[in-house]
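# Residue-level structural notes
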Amino acid sequence: MSIENNSNPAIQMQRVCKSYGNLAVLKDLDLKIQPSSKIAIIGPSGSGKSTILRILMTLESIDSGRVMIDGEVLYDFREGKTLSSFAEERVPKIRSKVGMVFQSFNLFPHMSVVRNVTEAPIHVLKFSREEAWKRALELLDLVGLKDKVNAYPAQLSGGQKQRVAIARALAMQPRIMLFDEITSALDPELAAEVLSVLKNLARETDMTMLMVTHQMHFAQEFADRVIFMEHGTIVEEGSPEKIFNQPQEERTQSFLKTVLEAT
Amino acid sequence: MNAKTFDWDFAWSLMPELLDALRITIAATVLGMVLAMALGLFWAVLRKSKFPLLYWLATTVVEFFRSTPLLIQVYFLFYVLPDAGLRLTPFQTGVLALGIHYSAYLAEVYRAGIDSVPEGQWEAAKALNLSRVRTFKSIILPQALPPVIPALGNYLIAMFKDTPMLSAITVLELLQTAKIIGAETFRYIEPLTLVGALFLILSLISAKMIRFLEQRYVY
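Now for a quick tour of the structure. (Residues numbered from 1 in each chain as written. Chains lettered and ligands numbered in written order. Predicted model: local features only at pLDDT ≥ 70, side-chain atom pairs only at ≥ 80, totals over all residues. Heavy atoms only, no water.)

Given 3.6 residues per turn, any residue in an α-helix points the same way as the ones three and four places further on. Counting buried positions along helix α3 (residues 113–123) of chain A gives nine out of eleven residues, so the element sits mostly inside the fold. Looking at α3 of chain A, one finds that the buried residues are V113, V114, N116, V117, T118, E119, A120, P121 and I122 of chain A. In the core, the buried residues of α3 of chain A are packed alongside α4 (129–142) and α5 (158–170) of chain A together with α6 (132–144) of chain B. (Buried < 20%, exposed > 50% of the residue type's maximum accessible area, 1.4 Å probe, protein only. Helix = DSSP H or I, 4+ residues; strand = E, 2+ residues; numbered from the N terminus. Contact = heavy atoms within 4.5 Å.)

Time to look at the interface of chain B and chain A. Listed by partner, the interface residues are 16 residues for chain B and 22 residues for chain A. Taken as a group, E123, L128 and N129 of chain B account for 36% of the area that chain B buries against chain A, more than any other trio of residues on that side. In this assembly, chain B and chain A are joined by one salt bridge. Two residues, E123 of chain B and R54 of chain A, come together in a salt bridge whose shortest N-O distance is 2.6 Å. On inspection of chain B and its partner chain A, the count reaches nine residue pairs in polar contact (both at pLDDT 80 or more). (Buried area = accessible area lost by both parts, 1.4 Å probe. Salt bridge = Lys/Arg side-chain N within 4 Å of Asp/Glu carboxyl O. Polar contact = N/O pair within 3.5 Å; in protein donor to acceptor, adjacent residues only side chain to side chain.)

So, on to a nonpolar patch on the surface. A cluster of nonpolar residues, L71, Y75, F76, Y79 and V80 of chain B, forms a patch on the protein surface that exposes about 470 Å² of accessible area. Mapped onto the elements, F76 of chain B comes out in helix α3 (residues 70–80). (Patch = residues over 30% accessible without salt bridge, like charges linked within 9 Å, V, L, I, M, F, W, Y side chains within 5 Å. Areas by Shrake-Rupley, 256 points an atom, 1.4 Å probe, with all protein chains shown as cover.)

With that settled, the discussion passes to the packing of α5 of chain A against helix α6 (residues 188–204) of chain A. All names here are of chain A. Two elements in contact, α5 and α6, have axes whose closest approach is 8 Å; the angle formed by their N-to-C orientations is 25 degrees. In terms of orientation, α5 lies roughly parallel with respect to α6. Crossing of α5 against α6: the hand is right-handed. Contacts between α5 and α6 involve G158, G159, Q160, Q162, R163, I166 and L170 from the first element and L190, E193, V194, V197, L198 and L201 from the second. Classifying every residue of the contact of α5 with α6 gives seven nonpolar, four polar and two charged. (Axes fitted to C-alpha atoms, helices over the stretch in contact; angles between N-to-C directions. Parallel < 35°, antiparallel > 145°, perpendicular 65-115°, else oblique. Left-handed = near helix turned anticlockwise from the far one by under 90°. Nonpolar A, V, L, I, M, F, W, Y, C, P; charged D, E, K, R; others polar.)

Residues and elements named next belong to chain A. Of all the five residues making up strand β9 (residues 208–212), five are buried; the element is thus mostly covered by neighbouring parts of the structure. The alternating pattern of β9 places T208, L210 and V212 on one face and M209 and M211 on the opposite face, and all of these are buried. As paired strands, strand β3 (residues 38–42) and β9 are joined by four bridges and run parallel to one another. Across the sheet, residue I41 finds its bridge partner in β9, namely V212. Alignment of strand β8 (residues 176–180) against β9, held across five bridges, turns out to be parallel. Considered in β9, the bridge of M177 is made with M209. (Pairing = 2+ DSSP bridges.)

Right, dumping it as structure tokens:
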């Protein structure tokens, strides 16, 4: 982060619009994220938080605007027209820099834990089976699941499933990791074990990490920057101290008031 | 010929000939089913293609074969393929017709299986940058196929019971053999009853086997 001038932002979104039918989810969104930063995106449901992650993972396209990852153009559209700098063939290469963990885990239920983690490294990164296994065991150890290597997803708790999903995403060695409400489907104590894995990860890695969360305490601990979104736009952003202790915008204040009172 | 309505001795004497014909019937069913399963999967996967042309091609083919009678397809292949320069035996033509006709039904079965795989599985595969072919092979089909085993089994039995259609193009399967015996001996009740019984026994055995597979692979 110290050499911001000559390094590309990890993520850059410029005037991005996205709507589903008549519903505008993102309105002229501008976002710039520096490499290695740990970002928490908060805001009410339907504010477009998850859509940002889904666009970066190429699970959704955009209607107009520009999205760049590591200085490479992922999307560049203006009024439905594709601009020349955008080339679809490059998408898989750019996508390989990004990993994602989902709210509903999305583990492959017919594969053992270790196969879930080794499948993509073997077939996409072309690792040898031995190499992929060795790294998978390291990652499963990192998320505290070394004893579940041969278990099937159905035999795991929600918290364990989500930790496998984290290991599976890390196995692809992404530069950017996206976490989409990864604890929303979990009981509080299971969520806590997932969050502690994530906290350690955030401390130890220089990956860029973006998380959409409803857990304000965790956002405060994890992030070096917090973004508050509402109705498809960024209302306010800043350090966790600033957002949680002295929010400037009235909408941020009222959102935090509602959320923190509820817990 | 004596006046008994059902002559057991005569019936038993027909068994060797009918069992020979049964082998043809079973062979046509098994080969037809293998062809239908492979072709059906091909149509189903094409219908999931990103390319509109492939999607429309597969959809048209499936709708065409589902919407025209098997008997007409059998006759059509029998009389038209030789004109097109393709010389097949009646048996080969019959297997081809069964396979193509049933591939259209099986394509729908596979499609139901593929559609039952949650969207999140596709998304997870994409997030891991797996290619589309690899996603189908490793992620989608292993989850889509086990639940459709019972439906595939139903079509196997249906196809088995449709093999008498091949008698129309002189394949010596069960019905054709029974008809020839009847024409030669002027007794139809024994051969036709035996043919019916053989179909019944084999269908029941197949249904049992499918139930076994179902318990083994459906989770």
